[in-house]
Amino acid sequence: MALEMKARPLTFVAHALALAAAIMVLFWCISFRGGLAWEATNKNLIFNLHPVLMLIGLVIIGGQAIMSYKSLPLKKEHKKLVHLTLHGIALILGCIGIYAAFKNHNESGIANLYSLHSWIGITVISLYGIQWIYGFVVFFFPGASAGVRSASLPWHVLFGVFVYILAVANAALGFLEKLTFLENGGIAKYGSEALLVNFTAIVAILYGALVILSALSQAPVEDDYSYSAI
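Residues numbered from 1 in each chain as written. Predicted model: local features only at pLDDT ≥ 70, side-chain atom pairs only at ≥ 80, totals over all residues. Heavy atoms only, no water.

A. Quick peek at the overall build of the chain. Looking only at helices and strands, the chain has 7 helices and 0 strands in total. Reading the chain from its N end, one meets helices and strands in the order α-α-α-α-α-α-α. Entry remark: accessible area of the chain is about 11500 Å², with carbon and sulfur atoms responsible for 73%. The positive charge centre, built from 13 side chains, and the negative charge centre, built from 10, are 4 Å apart in the chain. (Helix = DSSP H or I, 4+ residues; strand = E, 2+ residues; numbered from the N terminus. Areas by Shrake-Rupley, 256 points an atom, 1.4 Å probe, with all protein chains shown as cover. Lys, Arg positive; Asp, Glu negative; His and termini not counted. Charge placed at Lys NZ, Arg CZ, Asp CG, Glu CD.)

Shown next as C-alpha cells:
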C-alpha cells in the first residue's frame, strides 16, 4: 500500500520535530530533574538517562533510520548501510537506557519490571534486536539469495513499522507514568514541568506519525534506488 503523497516534505517536518523532541527531553531532565549521571548519590540522576536515551535512541534515531530510504539522495547500497547503522545506534542507546533504569532501581531499592511500561519496553528492545539481526544477516552480511530478500522485504518493513509504533506508544506511556509519579510527589499538575513533559510526549507522537506516513508515501520520482512503499 502506498499513499498518494510525496515522502520528502514529510521527512523535513519530521526532522524538525525530532530536534524539538530531543531538546525538550534534555531540557526537562537537566533543568527540572537535576541533570544526568551514571554514578551519583542522587539516584534520580541515573534514571534521567533512561528517558533521554530511549527517546533519542529508539524513537528519534530509529525514526531517522526508517526515513533514510525516503530522504537521502543516495544509492540503494549506501542507504542500506545508513539504515543499518542508524538502527544499530538506536538499539545500543536503547539497551543503555534500559540498563540505566535497572541500575537506578537496583541502587534505590525499587522493584524492577512491575509496570506495563517496563513489560512493553523489554518486548520492544527484544523485537528491535531480533529485527536488526535479521536485517543484517539477510540484507547485509552474509546476505540471502535475491529470492529470499525479495520475499522477506515486505515482512521486514511491516515488522519494523510495528515495532517502531510500539516503541513510540511505549515512550508516551513512559512519560505518562513518570509524570504521574511526579504529580503524586507534589509537582503542580498544571505547572511548567507537567506541561513540558506532556508536550514532549505529543511532539514524539507527531514525529512517529510522520515517520510512518513517510514510510507509506512515495519516494521521489528521480530516485531509482528506493524500496517500494508498503
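B. Representation of the environment of Y207 within the structure. Among the structural elements, Y207 can be located in helix 7 (residues 192-216). Separated by 36 residues in sequence, Y207 and A171 have C-alpha atoms that sit 12 Å apart. Setting aside residues up to four positions removed in sequence, Y207 forms contacts with A14, L17, A18, V59, I60, G63, Q64, M67 and Y164. (Contact = heavy atoms within 4.5 Å.)

C. Helix 1 (residues 7-32), seen in detail. Here helix 1 contains 26 residues, and its C-alpha end-to-end distance of 36 Å stays within 8% of the 38 Å for a straight helix at 1.5 Å per residue. When we look at burial in helix 1, the residues that qualify are A7, L10, T11, A14, L17, A18, A21, A22, M24, V25, W28 and C29. Here the buried face of helix 1 lies against helix 3 (49-71), helix 6 (146-184) and helix 7. Backbone geometry just after helix 1 places G34 at a positive phi near 100 degrees. (Expected span 1.5 Å × (residues − 1). Buried < 20%, exposed > 50% of the residue type's maximum accessible area, 1.4 Å probe, protein only.)

D. Representation of the packing of helix 3 against helix 7 in the model. With their axes 9 Å apart at the nearest point, helix 3 and helix 7 run at an angle of 25 degrees to one another. Classified by the interaxial angle, the pair formed by helix 3 and helix 7 is roughly parallel. In terms of crossing hand, the pair formed by helix 3 and helix 7 is left-handed. Here L55, V59, I60, G63, Q64, I66, M67 and K70 of helix 3 lie close against helix 7, whose contacting residues are T200, A204, Y207, V211, S214 and A215. Of the residues assigned to the contact of helix 3 with helix 7, the class counts are 9 nonpolar, 4 polar and 1 charged. (Axes fitted to C-alpha atoms, helices over the stretch in contact; angles between N-to-C directions. Parallel < 35°, antiparallel > 145°, perpendicular 65-115°, else oblique. Left-handed = near helix turned anticlockwise from the far one by under 90°. Nonpolar A, V, L, I, M, F, W, Y, C, P; charged D, E, K, R; others polar.)

E. The pattern of salt bridges, seen in detail. Under the criterion given, the structure shown has 5 salt bridges. Here K103 ties to E39 by a salt bridge, and the two come within 3.0 Å at their closest N and O atoms. Here K103, found in helix 4 (residues 76-108), pairs with E39, found in the loop between helix 1 and helix 2 (44-47); they are 64 residues apart in sequence, far enough to count as distant. A relative accessible area of 56% places E39 in the exposed class. Where E107 meets K103, a salt bridge forms, and the shortest distance between an N and an O atom there is 2.7 Å. Placement of the pair is E107 and K103 together in helix 4, with a separation of 4 residues, close to one helical turn. Its relative accessible area of 10% is what places K103 among the buried residues. Connected via shared salt-bridge partners are E39, K43, K103 and E107. (Salt bridge = Lys/Arg side-chain N within 4 Å of Asp/Glu carboxyl O.)

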